[in-house]
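Geometric and topological summary
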Amino acid sequence: MNTKITGTGSFLPEKIVTNFDMEKLVDTQDAWIRERTGIASRHISTGETVSSIAAKAAKEALLMAGKQPGEVEMIIVATCSPEMLLPCCACQVQSILGCSNAVAFDLNAACSGFLFALNAATAYIKTGLYKNALVIGAEVLSKIVDWTDRSTCVLFGDGAGAAFLEATEEENIGMLSLSQGSDGARGMVLACEDRDVVNPFTEKKEQILPGYVTMNGQEVYKFAVRQVPASILDALNKANLTVEEIDHFVLHQANIRIIEAVAKRLKVPMDKFPTNLERVGNMSSATIPVLLDEINRAGKLKKGDKLVMSGFGAGLTYGAGVYIWG
Ligand code: ACO
């Protein structure tokens, strides 16, 4: 049994915040942000929640796949910024769309989240447990970003992307191989604290308010430029393919310098690395599915094209998958 992506969708909040808008908020310059990150603008929620944008992206994916909500068997939402601790975002999406026959749950692996969710859904389908899955990456990072910290607030954006995955008997299609890993020991280089343990049985009497994203940018940069090429080569090796045989490298969109460094290490021209981070910034788990939807709708994906998807992020988590487009 193989899997096939039969529909993709994405949604970006209407509000666009440019680097020039950021100059009015913190001590920064358009030139600094462009040069260090490649980002020029980002979409920012003015009230949309993770579940509302996730549902909009998912609806587009279902429409493309020609499926009714009642036909969906599984929903996995990858997010690290849900609006509620309970219920999970996937159950909220289920409710909004009316996918009453689906099992729904969230997965948090930060910027690797969509890839890990796609791999989990693939495993469920390949074992025959489910025939299809709606896999979504959605974030409203603007609510966990410290808008007074210039070193982080310029990097992130809000958005959602989705893919509908179905079982198929077709040969040589779908996820051929994957490589995944985590390095929890170094997790605090990119972190965001939630509630503290305060209850009648603790000494503490006051709840510390949930924190904002903190990041050691240089450590994350070094981790990414080492780990992403290694994961990609591992996944390619397992698929018996070489970098030259890959048509599109769909990478997590954190920073153009990271993507350029990966391209250089793999000795692959940049035109095989589609990017959209200039317009949308880093949307964590939403970056890969939004980019996938954009290149799909632009007609750039042909049957038989070989894709590498690769994500890295907080955790630290990282991974890559080799996928044959159907
Ligand atoms: N505008 C102007 N100056 C700034 C800004 C800003 N927005 N942010 C930091 N600076 C200043 C710093 O204060 C510092 O000043 P100083 O020399 O006077 O102390 C100077 O610029 C250099 O700061 P660095 O942190 O050394 O800048 P660096 O070249 O490392 O670039 C960046 C920072 C872009 C974050 C880089 O480290 C990077 O790309 N890291 C990868 C991390 C990443 O992409 N994270 C995204 C999240 S990862 C994920 O997706 C999960």
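Structure's up top.
So, here is what we can say about the structure in this document. It should be emphasised that the depicted structure is a prediction, and the values quoted were computed from it without experimental measurement. (Residues numbered from 1 in each chain as written. Predicted model: local features only at pLDDT ≥ 70, side-chain atom pairs only at ≥ 80, totals over all residues. Heavy atoms only, no water.)

**Overview of the sheet that holds strand E5 (residues 103-107)**
Within the open sheet, the 5 strands sit side by side as E1-E7-E6-E4-E5. Their pairing is mixed. With one partner strand each, in any of the chains shown, strand E1 (2-11) and E5 form the two edges of the open sheet. Ignoring which end each strand starts from, the neighbouring axes of this sheet average 20° apart. Across 4 bridges, strand E4 (residues 74-78) lies against strand E6 (residues 132-140) in parallel orientation. Residue pairing in the sheet places Ile76 in a bridge with Val135 of E6. Strands E1, E6 and strand E7 (158-168) of the sheet are contacted by helix H3 (residues 50-65), whose axis makes an angle of about 130° with E1. (Pairing = 2+ DSSP bridges. Helix = DSSP H or I, 4+ residues; strand = E, 2+ residues; numbered from the N terminus. Axes fitted to C-alpha atoms, helices over the stretch in contact; angles between N-to-C directions. Contact = heavy atoms within 4.5 Å.)

**Some points on the packing of H3 against helix H4 (residues 89-97)**
It is at 9 Å that the axes of H3 and H4 come closest, and there the two elements cross at 55°. The angle between H3 and H4 places the two elements in the oblique class. Note on packing geometry: the crossing formed by H3 with H4 is right-handed. Here H3 contributes Val50, Ser51, Ser52, Ala54, Ala55, Ala58, Lys59 and Leu62 to the contact with H4, which in turn contributes Cys89, Gln92, Val93, Ile96 and Leu97. Of the residues belonging to the contact of H3 with H4, the class tally is 9 nonpolar, 3 polar and 1 charged. (Parallel < 35°, antiparallel > 145°, perpendicular 65-115°, else oblique. Left-handed = near helix turned anticlockwise from the far one by under 90°. Nonpolar A, V, L, I, M, F, W, Y, C, P; charged D, E, K, R; others polar.)

**Some thoughts on the pairing of strand E11 (residues 248-251)**
Every second residue of E11 is oriented toward a common face, with His248 and Val250 on one face and Phe249 and Leu251 on the other, all of them buried. Pairing of E11 with strand E12 (residues 306-313) involves 4 bridges; the strand directions are parallel. Following the sheet pairing, Leu251 is matched in E12 by Ser310. (Buried < 20%, exposed > 50% of the residue type's maximum accessible area, 1.4 Å probe, protein only.)

**Notes on the site of the ligand**
The environment of the ligand is made up of 25 residues, and the closest members are Arg36, Cys111, Gln218, His252 and Asn255. Between an oxygen atom of the ligand and a side-chain N or O atom of Gln218, the distance comes to 2.5 Å. Asn255 has a polar side-chain atom sitting 2.4 Å from an oxygen atom of the ligand. When the ligand is considered free in solution it has 1,000 Å² of accessible area, and contact with the protein chains removes 74% of it. Elements that contribute at least two residues to the shell around the ligand include exactly helix H2 (30-37), helix H6 (150-153), helix H7 (217-238) and helix H8 (256-266). Broken down by element, the residue count for the shell around the ligand peaks at 4 residues, all from H7. (Near = heavy atom within 4 Å. Polar contact = N/O pair within 3.5 Å; in protein donor to acceptor, adjacent residues only side chain to side chain. Areas by Shrake-Rupley, 256 points an atom, 1.4 Å probe, with all protein chains shown as cover.)

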